[in-house]
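Chain and residue survey
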Amino acid sequence: WMIPDGTVIQPQSFLLFWCDEDQEQGELHTNFKLSSGGEFLALVNIDGVTILDSITFGEQSDDISYGRVFDGSSEWNFLSPTPGSTNSLSGMEVSVSHNEGWNLVGLPLYTDNTFYQYIFPESVSGTLYGFDGTYIFEELLTEGNGYWLRFNNAGSTTINGTPINELTISLNENWNLVSGLSENVSVYTISDPDGIIVNGTLYGYNGAYVSSIELMVGEGYWLRAHEPGEITLTSGALAKTSSIDFNLKGKANSLTINGTELYFGIELSEREKLSYSLPPKPPVPTFDVRFKDDMRLVNDYGEIEVMNTTETLTILYDIQINAGDQYKWVLNSDNGEDHILENTGELVVPSLDKFILKRESALPETFSLYQNYPNPFNPTTTIRYDLPEIAFVTLTIYDMLGREIVQLVSTTQEAGFKLVKWGGSDSMGRPVSAGVYLYQIRAGEFVQTRKMVLLK
């Protein structure tokens, strides 16, 4: 640290000091004269404001007093009697914010009591979960570990204790829940001598998983490792690796679903794909969206799994890589509705558990007539059909006695994926009664009939 008008204590070093100006000065020593009226000595954080520890001396005698700071910690050891009052350990105070619902938290300071509702008194009882290959219920927080914890309301918690300036964390292969130090730590300053960290896989949580490059004080994070091993976090450490941008916006196609980005349309190696893997799903009820097999990236096909607490989803799409000649990108919802993705756009769709993203031929391979949607319906329904070639098409609605109600299509149409809507009225525009109706397509030699139900 460099303190204005103060003394520098380098990381991993110690300082021996005393108030006898006749002592010989050594390489790692300094001396100074304390005034007879009393003195205040403080160990101050790099910000020059936060007091990590302090000593208050009363009126001085001729006694020599000295202390030593080891390894950058704030534990001051006094090797001879201190004149006046004793060492007053002020420690450190941090404020940790939390959202309503589930949060990822960590222990930001050394404290005597690490019971979760002592550290986070506003938390919901019985909701602290650690991770060891599966979620496990916990009651005590351990420095370096991350945890799920639920709160009924948003707010903040003030925590007092002794600073955590260095941690060595043991990682398992695959995903780990971790936390950092008493100050924010850049992922690029982490000591990873065996290169076990999977780049780009530090994730926090803020209502959804958020990719991060920094471990914030008091928050928990997911981190993935190629294999078991140890990493070390140190306050004030310099960057040990260069920054890498894993954002593929503008380089690949993207779907942003309620603010969470997924990518598609490019092929990566298996090792590169790990940087776009996602942690285990959060506890319910929460929002989460991902491709099957816990991925943020697929090439030309992917099942999208959704956990949601709202009735609709807002989907933004940005197509940078075309599907190719005679192909298109299609987002198919679990209810059978297709959305063609071209250029950029926005969709607001009913919340469903699953969608299918695929690259498919721009022309159907066979004639097909699909079940109308919705069914039953009131007042409008959509009828979809496929034409693999140009054909004269008729699409007719009949009642159950075989009487023609209305002809929706009667024309020659080019090959393609077609749809038409029916609003429950006859050929004269009069509303028809509730009941079961038939709809039939004729296209060349292809004939197919299906049933639908109109409700009133």
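Structure: see above.
An account of the accompanying structure is given in this report.

Procedures and definitions
Residues numbered from 1 in each chain as written. Predicted model: local features only at pLDDT ≥ 70, side-chain atom pairs only at ≥ 80, totals over all residues. Heavy atoms only, no water. 1 Å grid on protein atoms, 1.4 Å probe; cavity = no way out; pocket = protein on both sides within 12 Å on 5 of 7 lines; lining within 4 Å. Points joined across faces, edges and corners; volume = space filled by probe spheres on them. Helix = DSSP H or I, 4+ residues; strand = E, 2+ residues; numbered from the N terminus. Nonpolar A, V, L, I, M, F, W, Y, C, P; charged D, E, K, R; others polar. Buried < 20%, exposed > 50% of the residue type's maximum accessible area, 1.4 Å probe, protein only. Polar contact = N/O pair within 3.5 Å; in protein donor to acceptor, adjacent residues only side chain to side chain. Phe/Tyr/Trp six-rings, centres within 6.5 Å; stacked < 30°, edge-to-face > 60°. Lys NZ or Arg CZ within 6 Å of the ring centre and 35° of its normal. Pairing = 2+ DSSP bridges. Axes fitted to C-alpha atoms, helices over the stretch in contact; angles between N-to-C directions. Contact = heavy atoms within 4.5 Å. Patch = residues over 30% accessible without salt bridge, like charges linked within 9 Å, V, L, I, M, F, W, Y side chains within 5 Å. Areas by Shrake-Rupley, 256 points an atom, 1.4 Å probe, with all protein chains shown as cover. Salt bridge = Lys/Arg side-chain N within 4 Å of Asp/Glu carboxyl O.

**Remarks on the layout of surface pockets**
It is a probe the size of a water molecule, rolled over the atoms, that shows where empty space is left. The volume enclosed by the largest pocket comes to roughly 660 Å³. Counting only elements with at least two residues in the lining of the largest pocket, the list comes to β19 (209-211) and β24 (260-264). Take the lining of the largest pocket: its biggest share by element is 4 residues, from β24. Its residues assigned to classes, the lining of the largest pocket shows 17 nonpolar, 11 polar and 5 charged.

**What about the side chain of N253?**
Secondary-structure assignment places N253 in strand β23 (residues 253-257). For N253, a relative accessible area of 0% gives the class buried. Polar side-chain contacts of N253 include one of 2.6 Å to the backbone nitrogen of Q320. Separated by 2.7 Å, the side chain of N253 and the backbone nitrogen of I321 make a polar contact.

**Examining the packing of aromatic side chains**
When we look at a pair of aromatic rings, we describe it by the centre distance and by the angle of the planes. Per the stated rule, a full pass over the model turns up 20 aromatic pairs. Here the aromatic rings of W148 and Y209 are separated by 6.3 Å at their centres, their planes lie at 50°, and the arrangement is tilted. With W148 in strand β13 (residues 146-151) and Y209 in strand β19, the pair connects residues that are 61 residues apart, well separated along the chain. A relative accessible area of 0% means that W148 is categorised as buried. Residue classification places Y209 among the buried positions, given a relative accessible area of 9%. Directly above the ring of Y327 sits R359, whose terminal nitrogen or CZ lies 4.0 Å from the centroid. Between the NZ or CZ atom of R384 and the centre of the ring of Y370, over which it lies, the distance is 4.3 Å.

**Topic: the sheet that holds strand β25 (residues 288-291)**
Strands in a sheet are paired, the pairing made by backbone hydrogen bonds, and the direction either parallel or antiparallel. An order of β25-β27-β32-β29-β30 is seen for the 5 strands of this open sheet, with the pairing classed as antiparallel. Two strands close off the open sheet at either side, each with one partner strand: β25 and β30 (338-341). Across this sheet, the average inter-strand angle for adjacent strands is 20°, counted without regard to direction. As paired elements, β25 and strand β27 (residues 301-307) share 4 bridges and run antiparallel to each other. Directly across from D288, in β27, lies its bridge partner M307.

**A look at the environment of S254**
On the secondary structure map, S254 appears in strand β23. A relative accessible area of 1% means that S254 is categorised as buried. Each C-alpha atom, one on S254 and one on L316, is 8.0 Å from the other, the two residues being 62 residues apart in sequence. If sequence neighbours within four positions are ignored, S254 has contacts with K249, L262, Y263, F264, L316, Y317 and D318. Among the polar contacts made by the side chain of S254, one reaches the side chain of K249 at a distance of 3.2 Å.

**Topic: a nonpolar patch on the surface**
On the surface, F115, Y118 and L140 cluster together to form a nonpolar patch covering roughly 300 Å² of accessible area. Mapped onto the elements of the fold, Y118 is located in helix α1 (residues 116-119).

**Quick word on the sheet that holds strand β10 (residues 109-110)**
The strand order across the open sheet formed by 3 strands is β8-β14-β10, and the pairing between neighbours is antiparallel. The two strands at the open ends of the sheet, each matched to only one other strand, are β8 (92-98) and β10.

**So, the pairing of β8**
Here β8 shows a buried face lined by M92, V94, V96 and H98 and an unburied face lined by E93, S95 and S97. Pairing of β8 with strand β14 (residues 155-163) involves 7 bridges; the strand directions are antiparallel. Looking across to β14, one finds that S97 is bridged to S156.

**Some details on unusual backbone geometry**
Residue P374 is bonded to the preceding Y373 through a cis peptide linkage, with omega at -5°. In this fold, P374 is placed in the loop between β33 (368-369) and β34 (381-387). Backbone torsion omega between N378 and P379 reads 5°, so that peptide bond is classified as cis. Along the chain, P379 falls in the loop between β33 and β34.

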